[in-house]
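Here are the chains, one letter per residue:
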Amino acid sequence: MTNGFLYRSVVSCVLVSVMAVGCRKPESQIDPVRTYSDARITLYQAAEDPDPKVRSKALEALAATEGPAAGAIMLQSLRDDYEPVRFNAAMAIGDVRYGPAKPVLLKMIKDFDDRLKLKCAIIYALHRLGDDSYTGQLGSMIQNKNKFVRATAAMVMGKMGEPSAKNPLKNLQSTDYDPVVQLQAVEALARLGDERSIALLEAFTKSQYMEDRTIAVQSLGRLANARSAFILRQLMNDKKQEPSVRVAAAGSLARLGEQVKSSLPLKAAVDPEGVIRKFRGKGARILSKEVANLRVIAILSLGYVPEPLAADTLAPFLRSPEGAVRVAAGKTLLHLLQAYKPSADPLKRLEKTTKPDKDKDKEDNRPAKPRLHTSGGRD
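Reading the values: rules and limits
- Residues numbered from 1 in each chain as written.
- Predicted model: local features only at pLDDT ≥ 70, side-chain atom pairs only at ≥ 80, totals over all residues.
- Heavy atoms only, no water.
- Helix = DSSP H or I, 4+ residues; strand = E, 2+ residues; numbered from the N terminus.
- Buried < 20%, exposed > 50% of the residue type's maximum accessible area, 1.4 Å probe, protein only.
- Areas by Shrake-Rupley, 256 points an atom, 1.4 Å probe, with all protein chains shown as cover.
- Contact = heavy atoms within 4.5 Å.
- Core = buried A, V, L, I, M, F, W, Y, C linked by side-chain atoms within 4.5 Å.
- Axes fitted to C-alpha atoms, helices over the stretch in contact; angles between N-to-C directions.
- Parallel < 35°, antiparallel > 145°, perpendicular 65-115°, else oblique.
- Left-handed = near helix turned anticlockwise from the far one by under 90°.
- Nonpolar A, V, L, I, M, F, W, Y, C, P; charged D, E, K, R; others polar.
- Salt bridge = Lys/Arg side-chain N within 4 Å of Asp/Glu carboxyl O.
- pLDDT = per-residue confidence, 0-100.
- Expected span 1.5 Å × (residues − 1).
- Arc of directions from axis to C-beta.

Quick word on the overall build of the chain
When helices and strands are tallied, the chain shows 21 helices and zero strands. Scored against the burial criterion, the 379 residues of the chain give a buried share of 52%. Working note: accessible area of the chain is about 18400 Å², and carbon and sulfur atoms make up 51% of it.

As structure tokens, then:
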């Protein structure tokens, strides 16, 4: 679709190069140091993109690739006008334990006391930074009348990794029949090592909703056990499954360290519309968002599925007009090319915009993890 000819041409050149060298190991045509730098800059630029959805995705990607080094842009994003961006910024800060954000978070949790989804993210960040003052409020939030608040609270409780969250989450899973809440509760329990939840996640891979199936597949990729690997391999090999599910399964399976020999992720990254059309038939109606979604899933999967020239294939996507594609390409390239990470930081200007108070920033980025205390009738 968008720039499809360009991407197909690039990969055609890559494939021709591979054929030309025969059985020899194909040689990359990109400068890995420069490509790493371009990918990194792409993510930081995306974190300030005019589109708030792109900013949100960029913060997730930066947390996964840059860690605390991206703390300044995360701190800056806590002041974003768009609440989902502030939410993702708080989650990212919690993921990387960026200590200098703590004073801002403590002020935010009072200023946004009635914005419960955002509050869940702030509670998560503070908990990860060693402040357990508000953690107990999650116990009442999973009983809130708003299903999205319940689902968010469940997600956060799972990410905290505290065994004490199992009982309230099990109560939620057994009494709340809203599909949105069910999926988040099951995923949270699976993160906490609940074996039964693996079977429930398998059931979500058969959901009528594509998003639920994709989330379930990606969740299984975070569970290092034989059952999840077996389920993922079945999904990857099932030609009756939608391409996005098969591609996500390939990425999740490879993420577990399992051997994956599939050309589908590469094909889906290069020509997602063609892959979908081959599955559904020539006359099928294909939405542009389906094409973009498959391309993003495929690009992210290539971060784990072995492809000799994956970086060469993905480098042009850093210039994609679609923000989600640029972010996915940047994240995957930073993962693939991490050995070429330069020692110097070319992004000092971001530190100047949110320079922290030195006297307040001496706290350890990795505090001792406190126990989760939940409250409410279901604990």
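The structure having been displayed, the exposition proceeds.
With respect to the side chain of Glu83
Summarising the element assignment, Glu83 is placed in helix H5 (residues 83-96). We classify Glu83 as buried; its relative accessible area is 19%. In this structure, Glu83 is in contact with Arg115 and Leu118, ignoring residues within four places of it in sequence.

What about the nonpolar core?
Residues Met74, Leu78, Ile93, Leu105 and Leu138 are the most contacted members of the largest nonpolar core, which totals 110 residues. In contact with Leu78, other than residues within four places in its own chain, are Arg86, Ala89, Ala90, Ile93, Ala101, Val104, Leu105 and Met108.

Here's the deal with the packing of helix H2 (residues 32-46) against helix H20 (residues 323-336)
Think of two packed helices as two axes; the pair is described by the angle between the axes and how far apart they sit. For the pair H2 and H20, the least separation of the axes is 8 Å and the interaxial angle reads 140°. The orientation of H2 relative to H20 falls into the category oblique. Here the hand of the crossing between H2 and H20 comes out left-handed. From H2, Thr35, Tyr36, Ala39, Arg40, Thr42, Leu43 and Ala46 reach across to H20, where they touch Arg326, Val327, Gly330, Lys331, Leu333 and Leu334. The residue inventory of the contact of H2 with H20, partitioned by class, reads seven nonpolar, three polar and three charged.

Overview of the pattern of salt bridges
Tallied over the entire structure, the rule returns 18 salt bridges. For Asp95, the salt bridge identified is with Lys159, shortest N-O distance 3.2 Å. Of this pair, Asp95 sits in helix H5 while Lys159 sits in helix H9 (residues 147-160), and the two are 64 residues apart along the sequence. What makes Asp95 partly exposed here is its relative accessible area of 32%. On the basis of relative accessible area, Lys159 is assigned to the partly exposed category, the value being 22%.

Here's the deal with the environment of Ser244
Within the secondary structure, Ser244 sits in helix H15 (residues 243-255). The sequence separation of Ser244 and Glu211 amounts to 33 residues, and the corresponding C-alpha distance is 9.7 Å.

Details of unusual backbone geometry
The phi dihedral of Arg97 falls on the positive side, at around 55°, and the residue is not glycine. One can find Arg97 in the loop between H5 and helix H6 (102-111). Among the residues examined, Arg97 registers a relative accessible area of 12% and is labelled buried.

Focus on the environment of Ala292
Mapping Ala292 onto the fold places it in helix H18 (residues 288-301). C-alpha of Ala292 to C-alpha of Ala324: the two residues are 32 residues apart in sequence and 8.1 Å apart in space.

Side note on the confidence of the model for the chain
Close inspection of predicted coordinates is inappropriate in any region flagged by low pLDDT. In the predicted model, the chain carries a mean pLDDT of 86, and 84% of its residues have values of at least 70. In this model, residues 349-379 is a region of pLDDT below 50 whose contacts with residues beyond four sequence positions or in other chains number 69 contacts.

Topic: helix H7 (residues 116-128)
The end-to-end C-alpha distance of H7, which contains 13 residues, comes to 18 Å, matching closely the 18 Å that a straight helix rising 1.5 Å per residue would cover. The buried fraction of H7 is high, at eleven of 13 residues. Residues of H7 that are buried make contact with H5, H6, helix H8 (138-141) and H9. In the stretch just after H7, Gly130 is the one whose phi turns positive, near 95°.

Side note on the packing of helix H11 (residues 179-191) against helix H12 (residues 195-204)
Across the interface, H11 lies against H12 with an axial gap of 9 Å and an inter-helix angle of 140°. Judged by the inter-axis angle, H11 sits oblique to H12. In terms of crossing hand, the pair formed by H11 and H12 is left-handed. Between H11 and H12, the residues in contact are Pro179, Gln182, Leu183, Val186, Glu187, Leu189 and Ala190 and Ser197, Leu200, Leu201 and Phe204, respectively. Here the residues of the contact of H11 with H12 sort into eight nonpolar, two polar and one charged.

Concerning helix H17 (residues 272-280)
Where H17 is concerned, the buried positions are Pro272, Val275 and Ile276. Each buried residue of H17 lies within a common arc of 95° when the element is viewed along its axis, so the set occupies one face. Its buried side turned inward, H17 meets H15, helix H16 (264-270) and H18. Among the residues trailing H17, Gly281 stands out with phi positive, at a value near 110°.

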